[in-house]
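These are the residues of each chain, in order.
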Amino acid sequence: MSLRWKVALAMAAIATLATVAFGVASYRTTRDRLYAEVDRSLIELDGAVGGRRPGRDLDHDDPLDRGPLAGFAAQLISPNGVVLQSTFPQTLPVTEAELALTGNPRASTFRTVDTSAGEYRVRSVGLPRGVVQVGRPLDETNRVLRSLRARSLMLALLVAAAAAGAGLWIAGRVTASLRRLTLAAETVESTGRLDVKTHEGGSDEVGRLADAFDRMLAALSRSKDDQHRLVQDAGHELRTPLTSLRTNLDSLRRYPGMGEADREAIIGDLHAETAELTELVNEIIAVASGEVENELAEPFDLAVLAADVATRYERRTGRQIVVVADSTLVVAQRAGVQRALSCLLDNAQKFDSSDGPIEVTVHDREVAVADRGLGIPEHEIALIFERFHRADEARTMPGSGLGLSIVREVAQRHGGEAFARNRDGGGAVVGFSLPTRS
């Protein structure tokens, strides 16, 4: 059952229950009021029974269908329970409670009795020597109550129908947006397309849900495009080292008698290409999986981290690294920042073929790595942080073109930014900045 019908039926049920409850209460109140009026008319006969004062006996020979009792049904009962006179359509049975009224003048009881001529409201009054019962037919009262029941039932049905109609209309308005969201989700499921728009507006809960749904689809679309581009770029970059590996292996197989010098050169190339391929695969995995995105941020001194990374890099490569740093406290993902700094050092070493040191500067939340290489062409500065982008001058150099994109990703994830510029006197300065709190 759809939500629209559930809301409609719920509203109809609530309205019907409320109407029925009100109708039952009104019916009972009306019935009690009508019975009270009938009882009052029977009580007004006190003192007039048989034309005597209250509490006195009726003469057994006094007719019950004359005087004040005219228009009422009456029945005179002896102390032993024998009906002496009766103007009821049929003789009424006497209960023990009614017979116990004998000798208790003015004591009385009420009950409703069903006879062959219809229901009667009967009042039994005690006499010194017997009981007199006076009754009034309830035909008129019952007609009023039957009419009230019928009208209450009709009203309940009309209210239920009106509530169901209103519920369908309201639920239709409310769930229209949800139906469009459902249709959009089903379209995404069946077609795989992520460019579906719900075109919902408003500031209510459904409007905000639709906006969140659109933003989610947009984020998924961007992620899908990034993955597709990464796969294409990775496939393109992997072909070069794989082709070189295959060529060198074919040479070793085809010329088993080649000279030792040539063999050693090919083996050296194989080692270099394998290392480059390993680095490329590792960086592709890091970019594709976002392996440090879920790392918890922690406070640390950026200068201390830069010094540690430079020391390890210097020990591994033998390249001199000079660190000039001011103490700067940041709250960030330590492993991510460390990887970004390593990528900057790899980039500087690749382009700086001089024997001079690579300079690392840490100042005011900014990390900058300077080299004495060829510099960056002006038209390339805006592109060097793109995935797999490699300038024309760098295509013959080892590397994947992913390192600087990792730097930018780490910086942007922390609310900072990556930057690059040419250095006075030659070379380049590449780095990133971080906020004091991330």
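Residues numbered from 1 in each chain as written. Predicted model: local features only at pLDDT ≥ 70, side-chain atom pairs only at ≥ 80, totals over all residues. Heavy atoms only, no water.

*Asks:* Tell me about the overall build of the chain, residues and numbers included.
*Replies:* From N to C terminus, the chain includes 8 helices and 12 strands. By element, 55% of the accessible surface of the chain is carried by carbon and sulfur atoms, the whole surface being about 24,900 Å². (Helix = DSSP H or I, 4+ residues; strand = E, 2+ residues; numbered from the N terminus. Areas by Shrake-Rupley, 256 points an atom, 1.4 Å probe, with all protein chains shown as cover.)

*Asks:* Tell me about the packing of aromatic side chains, and please be specific about residues and values.
*Replies:* Scanning the entire structure with this criterion turns up 1 aromatic pair. Ring plane angle 70 degrees and centroid distance 5.4 Å describe the contact between Phe-88 and Tyr-120, whose orientation is recorded as edge-to-face. Of this pair, Phe-88 sits in the loop between strand E2 (83–86) and helix H2 (96–99) while Tyr-120 sits in strand E4 (residues 118–127), and the two are 32 residues apart along the sequence. Here Phe-88 matches Tyr-120 in class, with each residue buried. (Phe/Tyr/Trp six-rings, centres within 6.5 Å; stacked < 30°, edge-to-face > 60°. Buried < 20%, exposed > 50% of the residue type's maximum accessible area, 1.4 Å probe, protein only.)

*Asks:* I'd like a description of the packing of helix H6 (residues 302–317) against helix H7 (residues 334–351), backed by residues and values.
*Replies:* Taken N-terminus to C-terminus, the directions of H6 and H7 make an angle of 45 degrees; their axes are 10 Å apart at the nearest point. By the angle between their directions, the pair H6 and H7 is classed as oblique. Relative to H7, the crossing made by H6 is right-handed. Side by side, H6 and H7 meet where Leu-302, Leu-305, Ala-306, Val-309, Ala-310, Arg-312, Tyr-313, Arg-316 and Thr-317 of the first sit next to Arg-334, Val-337, Gln-338, Leu-341, Ser-342, Leu-345, Asp-346 and Gln-349 of the second. For the contact of H6 with H7, the class distribution of residues is 9 nonpolar, 4 polar and 4 charged. (Axes fitted to C-alpha atoms, helices over the stretch in contact; angles between N-to-C directions. Parallel < 35°, antiparallel > 145°, perpendicular 65-115°, else oblique. Left-handed = near helix turned anticlockwise from the far one by under 90°. Contact = heavy atoms within 4.5 Å. Nonpolar A, V, L, I, M, F, W, Y, C, P; charged D, E, K, R; others polar.)

*Asks:* So what about the side chain of Asn-248? Which residues, and what values?
*Replies:* Summarising the element assignment, Asn-248 is placed in helix H4 (residues 205–254). Excluding residues within four positions of it along the chain, Asn-248 makes contact with Ile-266, Asp-269, Leu-270 and Glu-273.

*Asks:* Report on the pairing of strand E10 (residues 366–370), specifying residues and quantitative values.
*Replies:* Of all the 5 residues making up E10, 4 are buried; the element is thus mostly covered by neighbouring parts of the structure. Where strand E9 (residues 358–363) meets E10, 5 bridges bridge the pair, whose relative direction is antiparallel. Looking at E10, one finds that Thr-361 is bridged to Ala-368. Here E9 hands over to E10 after 2 residues, with Asp-364 in that stretch at a positive phi of 50 degrees. As defined by bridge partners, E10 adjoins strand E12 (residues 428–433) across 5 bridges and the pair is classed as antiparallel. (Pairing = 2+ DSSP bridges.)

*Asks:* How would you summarise the pattern of salt bridges if you had to cite specific residues and measurements?
*Replies:* For the coordinates displayed, the defined rule picks out 11 salt bridges. Note that Arg-31 and Asp-32 form a salt bridge whose closest N and O atoms lie 3.5 Å from each other. Taking the relative accessible area as the measure of exposure, Arg-31 reaches 28% and is therefore partly exposed. In this structure, the salt-bridge partner of Glu-409 is Arg-413, at a minimum N-O distance of 3.5 Å. Residue Glu-409 and its partner Arg-413 are located together in helix H8 (residues 403–413), separated by 4 residues, close to a single helical turn. Under the relative-accessibility criterion, Glu-409 is labelled partly exposed at 23%. Ionic contacts of the salt-bridge type, sharing partners, join the residues Arg-33, Glu-37 and Arg-40 into one network. (Salt bridge = Lys/Arg side-chain N within 4 Å of Asp/Glu carboxyl O.)

*Asks:* How would you summarise the packing of H7 against H8 if you had to cite specific residues and measurements?
*Replies:* Closest axis-to-axis distance for the H7/H8 pair is 9 Å, and the angle between their directions is 145 degrees. Of the two elements, H7 crosses H8, and the hand of that crossing is left-handed. Touching Gly-336, Val-337, Arg-339, Ala-340, Cys-343, Leu-344 and Asn-347 of H7 are Gly-403, Leu-404, Ile-406, Val-407 and Val-410, all from H8. Grouping the amino acids of the contact of H7 with H8 by side-chain chemistry returns 8 nonpolar, 3 polar and 1 charged.

*Asks:* Account for the sheet that holds E10, with residues named and values stated.
*Replies:* The mixed open sheet is built from 5 strands, whose spatial order is E7-E9-E10-E12-E11. Of all strands in the sheet, those with a lone pairing partner are strand E7 (321–325) and strand E11 (417–422), marking the two edges. Shown here is a sheet whose adjacent strand axes are inclined to one another by a mean of 15 degrees, direction ignored. Sheet strands in contact with H7 are E7, E9, E10 and E12, and its direction is about 175 degrees off that of E12. Of the strands in this sheet, E11 and E12 are in contact with H8, which crosses E12 at around 30 degrees.

*Asks:* Please give an account of the environment of Ile-170 that cites residues and values.
*Replies:* Along the chain, the position of Ile-170 falls in helix H3 (residues 139–191). For the pair Ile-170 and Ala-8, spaced 162 residues apart in sequence, the C-alpha to C-alpha distance is 8.2 Å.

*Asks:* Just give me the short version of H8, but keep the residues and values in it.
*Replies:* Buried within H8 we find Gly-403, Leu-404, Ser-405, Ile-406, Val-407, Val-410 and Ala-411. Positive phi appears at Gly-415, one or two residues downstream of H8, with a value of about 85 degrees.

*Asks:* Tell me about unusual backbone geometry, and please be specific about residues and values.
*Replies:* Phi is positive for Asp-364, close to 50 degrees, though the residue is something other than glycine. Mapped onto the secondary structure, Asp-364 falls in the loop between E9 and E10.

*Asks:* Give a detailed account of the nonpolar core, specifying residues and quantitative values.
*Replies:* Counting residues in hydrophobic clusters, the biggest one holds 36 residues, and the most contacted among them are Leu-302, Val-337, Leu-345, Val-360, Val-369, Val-430 and Phe-432. At the level of elements, H6, strand E8 (329–332), H7, E9, E10, H8 and E12 are the ones that each hand at least two residues to this core. Among the elements that make up this core, the one with the highest residue count is H7 (7 residues). If near-sequence neighbours (up to four positions away) are discounted, Val-337 is found in contact with Phe-300, Leu-302, Leu-305, Ala-332, Val-410, His-414, Phe-432 and Leu-434. Counting residues in each nonpolar core, the second largest holds 10 residues, with Tyr-35, Leu-42, Leu-45 and Leu-127 among its members. (Core = buried A, V, L, I, M, F, W, Y, C linked by side-chain atoms within 4.5 Å.)

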